[in-house]
Amino acid sequence: MTMLKETRIVLRNMGKIDPVSATDYRAQGGYAGLQKALKMTPGEVIAEISASGLRGRGGAGFPTGKKLDISSKVEADQKYIICNADEGEPGTNKDRIILSSDPNTVFEGMAINAYAIGASRGFIYLRYEYPSLFPLIEAALQNARNEGFLGENIFGSGFSFDIELVSGGGAYVCGEETALISSIEGGRGEPRSKPPYPGAQGLYGKPTVVNNVETLANIPVILDKGGEYFSKIGEPGCTGTKLFTLCGKITERGVFEYPMGTNLMDIFETHGGVKDGRDLKGVMIGGQSGYLINNTQMDLKMDIDSCRRKDATLGTGTIMVIDDYYNLLEIVENIMTFFIHESCGKCTPCREGNVRMHEIIHNINVGKGKMEDLELLEELAETMKLTALCALGQNSFYPVITSLKNFRYDYVRAIERGQR
Amino acid sequence: MVNITINGIGLQVEEGTTILQAAESLGISIPTLCHHPDQEVKASCRICVVEAKGFNTLVPSCQYPVFEGMEIQTHSPKVRNARMHLLELILSRHVQDCLHCARNGSCELQEVSRQLHFDKTPRYPYVERSNIIDDTTGSIVRTESKCISCGRCLYVCTNVQSVNAISKIDRSFNVKFGSPYNSTLAEGPCVNCGQCVQACPTGALTIKDSTDKVWSQIGGKKLIAAQVAPSVRINLAEALGEEPGTVSSGRLVTAMKRIGFDLVFDTNFTADLTILEEGTELLGRLSGGGALPMITSCSPGWIKFCETYYPDMLDNLSTCKSPQGMFGALIKTYYADSIGKKPEDILSVSVMPCTAKKFEAARPELSADGIADVDVVLTVQELANMIEASGIDFKSLPETEYDAPFGLGSGAGTIFGVTGGVMEAALRTVYEVVTGDTLDNIEFEAVRGFEGIKEATIPVGDLNVKIAVAHGLGNARKLMDKVRSGEADYHFIEIMACPGGCIGGGGNPIKTWKKMKPRLEAVYRHDRELPLRKSHENPAVTEIYAQFLGEPNGHKSHELLHTHYVDRSEVLK
Amino acid sequence: MSKKQDFVLTAETQAQISAEAKKYKEAPWQLMRILLRIQKICENSFPRDVAVVVSQETGIDVATLYSYTSFYAMISDVPRGKYIVRMCESAPCHITGARDVMDAIEYTLKIKAGETTPDGLFTLEYCQCLGMCEKSPAIMINDQVYSDLTPGKASGLIEEYIRGDIA
């Protein structure tokens, strides 16, 4: 077991600066990345980001350089950069930490991305449930403008870019990029079919790049220190660091930044193992539509590809520790309740499937289950995976499926108990 | 062009074609529910999903455009299992009272179930969507337990008709389509046009059935006198299984007589009458006696829309009642007197393509001394139901003439059923009356066809009459906004609430634009076949003026054949 | 428990609402923030009467406005208390004692989730993840988030609100 030390790239300024102050940020080396970028061509900026190997931190893991490249090549009279700050995944609050401690790193990331694709306007879509961040970010934006880091002719380069803060209304599904775009346009947060992809036809029909807060927070460092520097951190194919949200029944909770590929067991033990000396039952990793793994599966490298290879998921970096106090089925029921609330209701499989899964699990939990129910759960999950319109419905059942696989005995015991 | 394979069969299609369209061209029918050929793609029901090589999820065929080299399987085991499961989920939220549902036999959900040969009992317990049944409009019945969340009603009400009576409410499992803020349809801006009924794939939105009011009177003491609208003879045969656009003028009279109607009159007659009245009114306004542009008033959905959204422009509406309204008035006064009956001893029935006509017939302005001019409105679908329920084989019926003295109508009356028809009928008469000349060509191409807004300038004697024709309330709104802002200087406007005109009305067999084409062709074909084609040449019309009304816009006409309107903009507040 | 009276529009509130709604035309992407500010003027609700005023200023018809507002969890068409107490019921809060905290809050307010106190001051609701997972359990009272709660801390906090010690 290794006692880990954080590698702070995203959180490099946390605790060292007044988050609202652009001058504090500048004094720590902030906006140097932007300054360098503006002396390069947009193509060179994209090449640097691609060289870094940075992949999206919102859960999908799409290569950021590629995303920018696609939009940069579309001809349009207006393009947009959107920061997805609709962090709604239970077990994840890393973006709140970033935005409350160092919003300028996000502004700078957006400005660099905007320069790369040829956008002059950006939006930060902030979830309503972070009310204290609204005045904070507005103040930080104004200070950045006052210092000339946002607005017209930044660093005298001729490049102009400004950011507006818009609000969510309490809908997790708006974390999906097309639903987010729909929400900004004044519509219900319902995801849209692709194609067309937002990179070509997004907000108001224009090319739009949507990035997660954590992704954006890395961009200034990549431009300042170079893509190659960044690519040496973490794992090949999944470079850089990851912010992990440690929650649940772990002794030391919080948000911690470790290189991609750090071992889950090391993280778990560095932060004190199970709280109050109880036994470890399992961990929910990835996020709400993440995976439930049991205590024999903790030897896991936490990066996108290593997780996939072991039938796990990195997701948004959630590590929720479950001790032996809770009935696992109750936790799974609770997770499905979340998805019932948050489904947008547009497509059949998600609208109906989440409720039906919850219904079946509830029945098993209260002793009314049958063995055929387990088959039905698998079948329903398969249908949802294959036919749901967006990532919500395509993934919401993973806690059920993974718990069926990794905690099958809990289900069987509940069914047998009910049948006695 | 791109080369693709579907189920192993190679074909070449234009770029941008959806998988659904490509499959259709090969004769492969992929089941759909939320898809409608005349609406934007929703891709929400997911029934139409197919397998495509290289994709890890199934792909909605109604939405996904094919690309070069795409390999598609439309009915693989994976696809069929997914479809069945989705259907199972839908059916677990859908009340299954097919045997006593108005859409039994024409329901798209039934059709999909049948096509998939879905023969399992759903493994999920039935959970009712809601027990709300809203029939407050008197024209439409909304049964929420039968909704499948396809969104087609919302689309037509908002994007096509711009009425905005329907809202998509809440989210997730509880998502509903209905009137906002727990109101009823009647409390909102619904204009009863019934386009939502036309769009709905199931029995969630149906026509309010009035057949009982007729059945209960058959063989009874009252004289049952019916009037039949122009569009009915165009669409009735289609409702009974024949090809769209099969005219059945004579057969429908026979059928109605056999059901037990005592008299079957032709609303084409009062359509002609309307032209005389409205034409005279127009000439009056043109020579400086009233608001211009004058706008037609025979479409009750349009009238209600105007009363709701443009109450400041009610003076522009023609004061003429609709042909239905005029007929009702004549039956209860002139006709009743002529046969020595009291108005309450006659059951005045109309057969209409229109759901809003039920609302119109209930308007207090269309009644006298508490007795309605038109007691019952039956839509084409309801008459078709009555014909079937009477065991009548419509196809093999002989033809019967409409009854005198109201059985004679011209081609100008017939074309009232289609967008541009009222305008053309009016022009045929106004031109000849004003100039004294006979028209070389009475077919005004400029006002024909399905373009949303048609404009023309027609020289009539010294005056160049500027006209416009709009169909579908979305187009009506565009036109009215132009008039209200002073941008337009038309003299005469025809507006029909339903896309395509009355042949596309809410009471007809369910339509798509594809079916509208043969319906439209049938209207103009029937016009050409009729001996009389101009309203002012109709001897029955001349007769009634001579015998009873006096002259167009005269005192008697104003009393019986004209009406006034009401400000309904309160519903927006 | 009891249901609040429907919010009644006065000339003054109507003027405030119109002034907010006017901002829409220049910045339509701010619709959510505009509606949320209006909701605060209207006893934490967005009923039909208010929608009509907003419709007149923005040009968005009432049915479409309702489609929008009924979708988002933070907007309600029924009046709620001056203080909306929202208890997070998502997994990280759930497994660190949210149920016990909720019991304490229900006991202190003497209402159950979904209800409003008879004096109209507090509405109690469940909500989904507040993003305070590392400091769970957490609740949100209007725009204030409180975390690291225990049943004792929670009931103490509510009592402060009841006494009016917190604005």
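Keep in mind the model is a prediction, meaning the values are calculated, not measured. Every chain is numbered independently, its residues counted from 1 as its sequence is written. Working convention: letters from A go to chains and numbers from 1 go to ligands, in the order in which they are written. Per-residue local features of the predicted model are confined to residues with pLDDT of at least 70, and side-chain atom pairs are confined, for both listing and counting, to 80 or more; whole-chain, interface and lining totals are unaffected and use all residues.

1. Let's talk about the domain arrangement of chain A
Residue and element names in this part refer to chain A. Domain delimitation in this document rests on an assignment produced automatically or drawn from a domain database. Domain boundaries assigned for chain A yield domain 1 (22-232), domain 2 (235-323) and domain 3 (328-419). Any residue pair is listed as a contact if its two C-beta atoms, each placed from the backbone, are within 7 Å. Facing the 10 residues of domain 1 at the interface are 8 residues of domain 3. Counted by class, the side of domain 1 that touches domain 3 contains 6 nonpolar, 2 polar and 2 charged residues. Three classes are used: nonpolar for Ala, Val, Leu, Ile, Met, Phe, Trp, Tyr, Cys and Pro, charged for Asp, Glu, Lys and Arg, and polar for all others, with Gly counted as polar.

2. As for the interface of chain C and chain B
Many authors give the size of an interface as the accessible area that is lost as the parts come together. Contact with chain C, which involves 11 residues of that partner, is made by 11 residues of chain B. Only DSSP runs of H or I reaching four residues or more are called helices, and only runs of E reaching two or more are called strands; each is numbered from the N terminus. Of all the elements in the fold, those that place two or more residues in the side of chain C that touches chain B are helix 3 (48-58) and helix 4 (62-71) of chain C. By residue class, the composition of the side of chain C that touches chain B is 5 nonpolar, 3 polar and 3 charged.

3. Describing the sheet that holds strand 19 (residues 463-471) of chain B
Residues and elements named next belong to chain B. Taken in spatial order, the 4 strands line up as 13-20-19-18 in an open sheet, and their pairing is mixed. Every other strand in the sheet has two partners, leaving strand 13 (294-295) and strand 18 (453-460) as the edge strands with one partner each. Two strands are said to pair when DSSP picks up at least two bridges between them. Relative to strand 20 (residues 492-496), strand 19 runs parallel, the two sharing 5 bridges. For Ala470, the partnering residue across the bridge sits in strand 20 and is Ile495.

4. So, the interface of chain A and chain C
Taken together, the contacts link 44 residues of chain A with 30 residues of chain C. Mapped by element, the contributors of at least two residues to the side of chain A that touches chain C are strand 3 (162-167), strand 7 (241-248), strand 8 (254-259), strand 13 (318-323) and helix 13 (328-342) of chain A. Top element by residues in the side of chain A that touches chain C is helix 13 of chain A. It accounts for 6 residues. When grouped by side-chain class, the residues that make up the side of chain A that touches chain C number 19 nonpolar, 17 polar and 8 charged.

5. Details of the sheet that holds strand 1 (residues 83-88) of chain C
Residue and element names in this part refer to chain C. Ordered in space as 2-1-3-4, the 4 strands form an open sheet in which the pairing is mixed. In the strand order of this sheet, the two ends are held by strand 2 (122-127) and strand 4 (144-146), each with one partner. Strand after strand, the sheet turns through a mean of 20° between neighbouring axes, direction not considered. Axis lines are fitted to C-alpha atoms, over the contacting stretch for helices. Their N-to-C directions set the angle, which ranges from 0 to 180 degrees. The strands touched by helix 6 (residues 98-109) within the sheet are strand 1 and strand 2, with strand 1 carrying the most contacts at an inclination of about 155°.

6. A word on the nonpolar core
Nonpolar cores are identified as sets of buried Ala, Val, Leu, Ile, Met, Phe, Trp, Tyr and Cys residues joined via C-beta atoms within 7 Å. Burial is judged by counting other C-beta atoms within 10 Å of a residue's own C-beta: 20 or more means buried, 12 or fewer means exposed, and anything between counts as partly exposed, with every C-beta placed from the backbone. In terms of nonpolar packing, the biggest core is built from 350 residues, with A:Ala111, B:Cys153, B:Cys196, B:Ala226 and C:Ile105 touching the most fellow members. If we ignore the near neighbours within four places in the chain, the residues touching B:Cys196 are B:Ile140, B:Cys153, B:Val156, B:Cys157, B:Ile166 and B:Leu205.

7. Here we look at helix 7 (residues 151-163) of chain C
Structurally, the α-helix is built with 3.6 residues per turn, so residues lying three or four positions apart point the same way. All names here are of chain C. Here helix 7 spans 18 Å end to end across 13 residues, near enough to the 18 Å set by a 1.5 Å rise per residue. Among all positions in helix 7, only Ala154, Leu157, Ile158 and Tyr161 are buried. Buried residues of helix 7, viewed axially, fall in a sector of 95°; they line one side. Exposed residues on helix 7 whose side chains face more than 90 degrees from its buried face are Gly152, Glu159, Glu160 and Arg163. Looking at the buried positions of helix 7, the neighbouring elements they touch are strand 1, helix 6, strand 3 (139-141) and strand 4. Once helix 7 ends, the next one or two residues include Gly164, with phi positive near 85°. To estimate the expected span of a helix, subtract one from its residue number and multiply by 1.5 Å. Along the arc lie the directions from the helix axis toward the C-beta atoms.

8. Comments concerning the pairing of strand 19 of chain B
Residue and element names in this part refer to chain B. The sheet contact formed by strand 18 and strand 19 spans 8 bridges and is antiparallel. Bridge assignment links Val460 to a residue of strand 19, and that residue is Leu463. Taken together, strand 18 and the strand that follows it, strand 19, pair antiparallel across an intervening segment of 2 residues, in which Gly461 is found at a positive phi of about 65°. Here a crossover is taken to be right-handed if, once the strands point away from the viewer, the path from the first strand over the helix to the second is traced clockwise. As for the winding sense of the linkage, the β-α-β connection from strand 19 through helix 16 (residues 473-484) to strand 20 is right-handed.

9. Things to note about the environment of B:Tyr524
Relative to the helices and strands, B:Tyr524 resides in helix 17 (residues 513-529). Spatially, the C-alpha atoms of B:Tyr524 and B:Ala239 are 20 Å apart, while their sequence positions differ by 285 residues.

10. So, unusual backbone geometry
Residue B:Ala404 is joined to B:Pro405 through a cis peptide bond whose omega torsion reads 0°. Turning to its location among the elements, B:Pro405 is positioned in the loop between helix 13 (380-389) and helix 14 (411-414). Geometrically, the link from C:Ser136 to C:Pro137 is a cis peptide bond, its omega value of -5° lying close to zero. Mapped onto the elements of the fold, C:Pro137 is located in the loop between strand 2 and strand 3. Although it is not a glycine, B:Asn7 adopts a positive phi angle of roughly 50°.

11. Quick word on the pairing of strand 2 (residues 121-126) of chain A
Residue and element names in this part refer to chain A. In terms of residue burial, strand 2 counts as a mostly covered element, since 5 of its 6 residues are buried. Strand direction decides the pairing type here: strand 1 (residues 80-85) and strand 2, joined by 6 bridges, are parallel. Paired with Tyr80 across the bridge in strand 2 is Arg121. Assessed by its sense of winding, the connection that carries the chain from strand 2 through helix 7 (residues 133-146) to strand 3 is right-handed.

12. So, the environment of B:Asp97
Secondary-structure assignment places B:Asp97 in the loop between helix 2 (77-91) and helix 3 (108-116). When the C-alpha atoms of B:Asp97 and B:Leu87 are compared, they prove to be 16 Å apart, with 10 residues separating the residues in sequence.

13. Quick notes on helix 10 (residues 300-309) of chain B
All names here are of chain B. The buried fraction of helix 10 is high, at 9 of 10 residues. The complete set of buried residues in helix 10 reads Pro300, Gly301, Trp302, Ile303, Lys304, Phe305, Cys306, Thr308 and Tyr309. Buried-residue contacts for helix 10 involve helix 12 (356-361), helix 16 and strand 20.

14. Considering the packing of helix 13 of chain A against helix 17 (residues 398-406) of chain A
Residues and elements named next belong to chain A. Contact pair helix 13 / helix 17: the axes reach a minimum separation of 9 Å and the direction vectors enclose 160°. Considered as vectors, helix 13 and helix 17 are oriented roughly antiparallel to each other. The hand of the helix 13/helix 17 crossing is left-handed. Across the interface between the two elements, Leu328, Val332 and Ile335 of helix 13 pack against Pro399, Val400 and Ser403 of helix 17. To sort the angles, those under 35 degrees are grouped as roughly parallel, those over 145 as roughly antiparallel, those from 65 to 115 as roughly perpendicular, and the leftovers as oblique. We call a crossing left-handed when the near helix sits turned anticlockwise from the far one by less than a right angle, and right-handed when that turn is clockwise.

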